[in-house]
Amino acid sequence: MESGKGEKQSGASILVKLLERQGISMVAGIPGGANLPLYDALATSGIRHVLTRHEQGAGFIAQGMARVTGTPQVFLATSGPGATNTLTAIADAKLDSVPIICITGQVPSPMIGTDAFQEVDIYGMSLPVTKHNFLVRTTEELLEVVPEAFRIAASGRPGPVLIDVPKDVQAAQICVNQWPEPGQADPYPALDLEAIEQAAQMINEAERPVLYIGGGVSQSGAASAAMCLAMRSSIPVAQTLMGLGAIPRDHILDLGMLGMHGARFTNYILEECDLLISLGVRFDDRATGKVEQFCPDASIIHVDIDPGELDKIKTAHVGVTADAGEFLAALMPMVEAKARAGWLSRVAELKAEHPFRTPGARDPRSPYGLILEAAKRMGEKVNVATDVGQHQMRTAQVYPLTKPGQLLTSGGLGTMGFGLPAAIGAALADPDTPVLCVSGDGSLLMNIQELATAVEQRANVKILLMNNGGLGLVRQQQELFYDNNLFASEYTHCVDYVTIAKGFGMNAIDLAHASDPGAALEAAFATPGPCLIHAPIMEPENVYPMVPPGAANSDMIGGEHAHSEPCTA
Amino acid sequence: MPTANPAPHKEDQTAMVQLELTVRNHPGVMSHVCGLFSRRAYNMEGILCMPVQPGLSRMWLLVPEDDRLKQVVTQVSKLHDVLSVERRGAGSDDFQQLEAFFRQPAEAV
Ligand SMILES: Cc1ncc(C[n+]2csc(CCOP(=O)(O)OP(=O)(O)O)c2C)c(N)n1
């Protein structure tokens, strides 16, 4: 505890001071009646405020910041509609385990429960989508609640926390004699060495092991440790959407993404494995397909920092509640070096028999070609944000990611509208790294108002808008699973995105008019600041392979015919 | 209208188990616990909550003993305001004793 000066100050200025003590230097949000005291205090603080155009945008900006820094980040909203607008971004953070703290204004305490103007029970509404939430009842409580919120958001499996602060609590003046210590992540739980020994033995005895790694590995900073394990014991590595980037694309042990839009060979190799080493994953149905048929012959080692994930979907033979990095550090000395020539040659054989097909990879006017061309022109120092849809899956399939956490995508909730604000947050939190935001016309429209924020903040965000005139992934499902009954998945009205972007004051180019798309991308990327690149996608093309929802991963549709060219990335 | 023969409380044959939670006593804690059960689609047959000392309450939950119980106990234990979760022994019949009280007024109507 550091002693305060002891003079009276408002709850709002206490709140701001507590944020500063947590190391918060930037917050996103929108003011309104119930959080005006907080904004008044913020005005004179050292914290940079990013005024967004929608509270969901503020939530995703905070997510973008949190995903690149790995530390809890804050966003602000007023009561009522401001508060309800935050919920999607909070739910998204819950499912992807992102530490964000939402501070909402609330009507004054005496008016709570009276249906006052702009009163909603955001405490009740946010309950199922937060890791924890608080309704602050007195100004004194702020001193406890704020550090506690940061501790909870950062500890164990990170997640969102909401703090609802009534206006009178912000306004009331109290003396602070002692400032609390900033909230920090709890230490990790003690390791179960016996279980780890057992895991090592299983790995040493396995004949056909596969590593299955997810967001927990990236978040724990354990990607290189996982690579060491893979290389020492010759274990191929499959990744979830959230785990991508942990292993370089061209690595011999890389199996890419598994599951619904994974490569055929990836899902086939998993089907043959006899040991599944699952690190920081939660056996999401998009990854496992029909869970009863997922890795049918495999014993399972499951390591997760959240004990609630163990045995939730699949019962593990060895389950360990641990941070992935700590687990790997303890495990490694017990793992024998193995060449596994037989297994690796089988893996190579399956890769050769069922390669990943990327039709149009050499044509920058087709979806895969465009993503690969953009990746080439952006270079390695880049963060990549996506929205949700076909463009997202294609990016996940082929973007040459080189580091964990480099891909910012809405994995668990699959929220259209995530991309642009998350990209802005990433660009503001790490100004030296440009952000490529791969988006679709459906998704971009969900938070298009944040173009104004990007321009105002000079965020170095390059939006690659793959415009297929509708909701591509929905169209694909209707075509494949609903007798091609295309309904409500195509836009009959055409929006001029280049003019829209320019109207927001953003640079914009149209690849439709570019004679050399690669050069046009190069020029757009070389200009600092935000830019929108409009890329019309002429022919509707499905993303393959695809596991039909509810089917086993081995029942993939498409992606096997040789008329398409193999990936050149 | 009283029925001639009150139906047994538990219609199905699932065995019940009693969980004892020690929780921080504040106005949101009930929502946190009940919300968790409802959103994980896990039934709760009975609930009883009383303060035990300043700042602390005890909650008894009567829940079906099925395959998902372990998962639900893990999830409940993760709640910030839940300080401990214990399974009451097989012999604990607190809810059965209470059942008599609960049925009385209905019979009297
Ligand atoms: C907020 C929200 N609403 C609806 C959906 C359902 N959905 C999933 S993908 C998709 C289409 C996305 O279209 P677009 O952003 O243009 O991407 P494309 O698939 O065309 O690349 C829709 C509507 C969703 N994921 N999120």
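Owing to the predicted nature of the structure, the values given are computational and were not obtained by experimental measurement.

Engineer: Honestly, the site of the ligand in this entry has me stumped. Any pointers?
Structural biologist: All names here are of chain A. Of all residues adjacent to the ligand, which total 17 residues, the nearest are Gln390, Gly414, Gly442, Ser443 and Asn468. At 2.6 Å, a side-chain N or O of Ser443 approaches an oxygen atom of the ligand. Contacts to the ligand include Gly472, whose backbone N or O atom sits 2.8 Å from an oxygen atom. For the ligand, the accessible surface in isolation is 590 Å², of which the surrounding protein chains cover 76%. Breaking the shell around the ligand down by element, the ones donating at least two residues are helix H17 (390-398), helix H19 (441-446) and helix H21 (472-481).

Engineer: Just to check I follow, could you spell out the interface of chain B and chain A for this structure?
Structural biologist: A common way to state how big an interface is: give the accessible area lost once the parts meet. On the side of chain A, 16 residues touch chain B, which itself brings 14 residues to the contact. Summing both sides of the interface, chain B and chain A together bury roughly 1100 Å²; the carbon and sulfur share of this comes to 54%. Looking at the side of chain B facing chain A, the largest losses of area belong to B:His32, B:Arg39 and B:His80, adding up to 45% of the total buried there. Counting across the chain B and chain A interface gives 2 salt bridges. At the junction of chain B with chain A, the criterion picks out 6 residue pairs in polar contact (both at pLDDT 80 or more). Secondary structure elements with two or more residues in the side of chain B that touches chain A: helix H1 (29-39) and helix H2 (69-78) of chain B. By residue number, the principal contributor to the side of chain B that touches chain A is H2(B), which donates 5 residues. A breakdown of the residues in the side of chain B that touches chain A according to their chemical character gives 1 nonpolar, 8 polar and 5 charged.

Engineer: Teacher, can you tell me more about helix H7 (residues 142-154) of chain A here?
Structural biologist: Helical periodicity: at 3.6 residues per turn, an α-helix aligns residues three or four positions apart in one direction. Residue and element names in this part refer to chain A. Compared with the 18 Å implied by 1.5 Å per residue over 13 residues, the 18 Å span of H7 between its first and last C-alpha is a close match. Taken as a whole, H7 has its buried residues at Leu142, Leu143, Val145, Val146, Pro147, Ala149, Phe150, Ile152 and Ala153. Immediately beyond the C-terminal end of H7, within one or two residues, lies Gly156, with a positive phi of roughly 55 degrees.

Engineer: What is the right way to look at the nonpolar core in this model?
Structural biologist: As a rule of thumb, nonpolar side chains are buried together in soluble globular proteins. Residue and element names in this part refer to chain A. Formed by 61 residues in total, the largest nonpolar core has its most connected members in Val210, Leu276, Tyr399 and Leu436. It is helix H16 (residues 367-378) that contributes the most residues to this core, 7 residues altogether. Shared between two domains, this core holds at least three residues of each, these being domain 2 (193-353) and domain 3 (367-536). Those residues in contact with Tyr399 that sit more than four places away from it in its chain are Arg249, Ile371, Ala375, Met378, Val382, Val384, Arg394 and Leu436. Core analysis: the next-biggest nonpolar cluster, separate from the first, contains 48 residues, Ala28, Ile61, Ala89 and Ala426 among them.

Engineer: Is there a simple way to think about the confidence of the model for chain A in this case?
Structural biologist: One rule of thumb: low pLDDT means the predicted coordinates there are not for detailed reading. Per-chain confidence: chain A averages 96 in pLDDT, with 98% of residues scoring 70 or above. Ignoring residues within four places in sequence, the model shows residues 563-569 of chain A, a span with pLDDT below 50, making 16 contacts including any to other chains.

Engineer: When you look at the packing of H16(A) against helix H23 (residues 517-526) of chain A in this model, what are you seeing that I'm missing?
Structural biologist: Helix packing for two helices is described by the angle between their axes and how far apart those axes are. Residue and element names in this part refer to chain A. Between H16 and H23, the shortest axis-to-axis distance is 9 Å and the interhelical angle comes to 45 degrees. Considering their axes alone, H16 and H23 lie oblique with respect to each other. Considering only the axes of H16 and H23, their crossing is right-handed. Every residue of H23 that contacts H16 at Leu370, Glu373, Ala374, Arg377 and Met378 is listed here: Gly518, Ala519, Leu521, Glu522 and Phe525. Looking at the contact of H16 with H23 residue by residue, the class counts come to 6 nonpolar, 1 polar and 3 charged.

Engineer: Please explain the packing of helix H1 (residues 11-21) of chain A against H7(A) as it appears in this structure.
Structural biologist: Residues and elements named next belong to chain A. Between H1 and H7, the shortest axis-to-axis distance is 10 Å and the interhelical angle comes to 30 degrees. Comparing the axis directions of H1 and H7 gives the class roughly parallel. H1 and H7 meet at a crossing whose hand is right-handed. For the pair H1 and H7, contact is made by Gly11, Ile14, Leu15, Leu18 and Leu19 and by Leu142, Leu143, Val146 and Phe150, respectively.

Engineer: In this structure, what is going on with the sheet that holds strand S2 (residues 46-53) of chain B? I would like to understand it.
Structural biologist: Strand pairing within a sheet occurs via backbone hydrogen bonds; the two strands may be parallel or antiparallel. Residue and element names in this part refer to chain B. Within the open sheet, the 4 strands sit side by side as S2-S3-S1-S4. Their pairing is antiparallel. The two strands at the open ends of the sheet, each matched to only one other strand, are S2 and strand S4 (82-87). Across the sheet, the axes of successive neighbouring strands diverge by a mean angle of 20 degrees, strand direction being ignored. With 5 bridges connecting them, strand S1 (residues 16-24) and S4 associate as antiparallel partners. Looking across to S4, one finds that Glu20 is bridged to Glu86. Against the sheet, H1 touches S1, S2, strand S3 (56-64) and S4, its axis set at about 15 degrees to S3. Each of S1, S3 and S4 is contacted by H2, which is oriented at about 155 degrees to S4, the strand it contacts most.

Engineer: Please clarify how the pairing of strand S16 (residues 318-321) of chain A should be interpreted in this entry.
Structural biologist: In regular strands, side chains alternate between the two faces of the sheet. Residue and element names in this part refer to chain A. Only one face of S16 is buried, namely the one carrying Val318 and Val320, since none of Gly319 and Thr321 on the opposite face is buried. Sheet topology note: the strand S15 (residues 299-304)/S16 ladder contains 4 bridges and is parallel. Residue pairing across strands places Asp304 opposite Thr321, the latter belonging to S16.

Engineer: I'm lost on the sheet that holds strand S3 (residues 26-29) of chain A in this one. Help?
Structural biologist: Residue and element names in this part refer to chain A. Strand order across the open sheet formed by 6 strands is S4-S3-S5-S6-S8-S7, with parallel pairing between neighbours. Each of the sheet's edge strands pairs with one partner strand only, and the pair in question is strand S4 (48-51) and strand S7 (132-135). Ignoring which end each strand starts from, the neighbouring axes of this sheet average 20 degrees apart. This element, helix H2 (residues 36-43), spans S3, S4, strand S5 (73-77) and strand S6 (100-106) of the sheet and lies at about 130 degrees to S5. Where H7 meets the sheet, it contacts S5, S6, S7 and strand S8 (161-166), and its direction lies at approximately 165 degrees from that of S8.

Rules of the game
Residues numbered from 1 in each chain as written. Chains lettered and ligands numbered in written order. Predicted model: local features only at pLDDT ≥ 70, side-chain atom pairs only at ≥ 80, totals over all residues. Heavy atoms only, no water. Near = heavy atom within 4 Å. Polar contact = N/O pair within 3.5 Å; in protein donor to acceptor, adjacent residues only side chain to side chain. Areas by Shrake-Rupley, 256 points an atom, 1.4 Å probe, with all protein chains shown as cover. Helix = DSSP H or I, 4+ residues; strand = E, 2+ residues; numbered from the N terminus. Contact = heavy atoms within 4.5 Å. Buried area = accessible area lost by both parts, 1.4 Å probe. Salt bridge = Lys/Arg side-chain N within 4 Å of Asp/Glu carboxyl O. Nonpolar A, V, L, I, M, F, W, Y, C, P; charged D, E, K, R; others polar. Expected span 1.5 Å × (residues − 1). Buried < 20%, exposed > 50% of the residue type's maximum accessible area, 1.4 Å probe, protein only. Core = buried A, V, L, I, M, F, W, Y, C linked by side-chain atoms within 4.5 Å. Domains from an automatic or database assignment. pLDDT = per-residue confidence, 0-100. Axes fitted to C-alpha atoms, helices over the stretch in contact; angles between N-to-C directions. Parallel < 35°, antiparallel > 145°, perpendicular 65-115°, else oblique. Left-handed = near helix turned anticlockwise from the far one by under 90°. Pairing = 2+ DSSP bridges.

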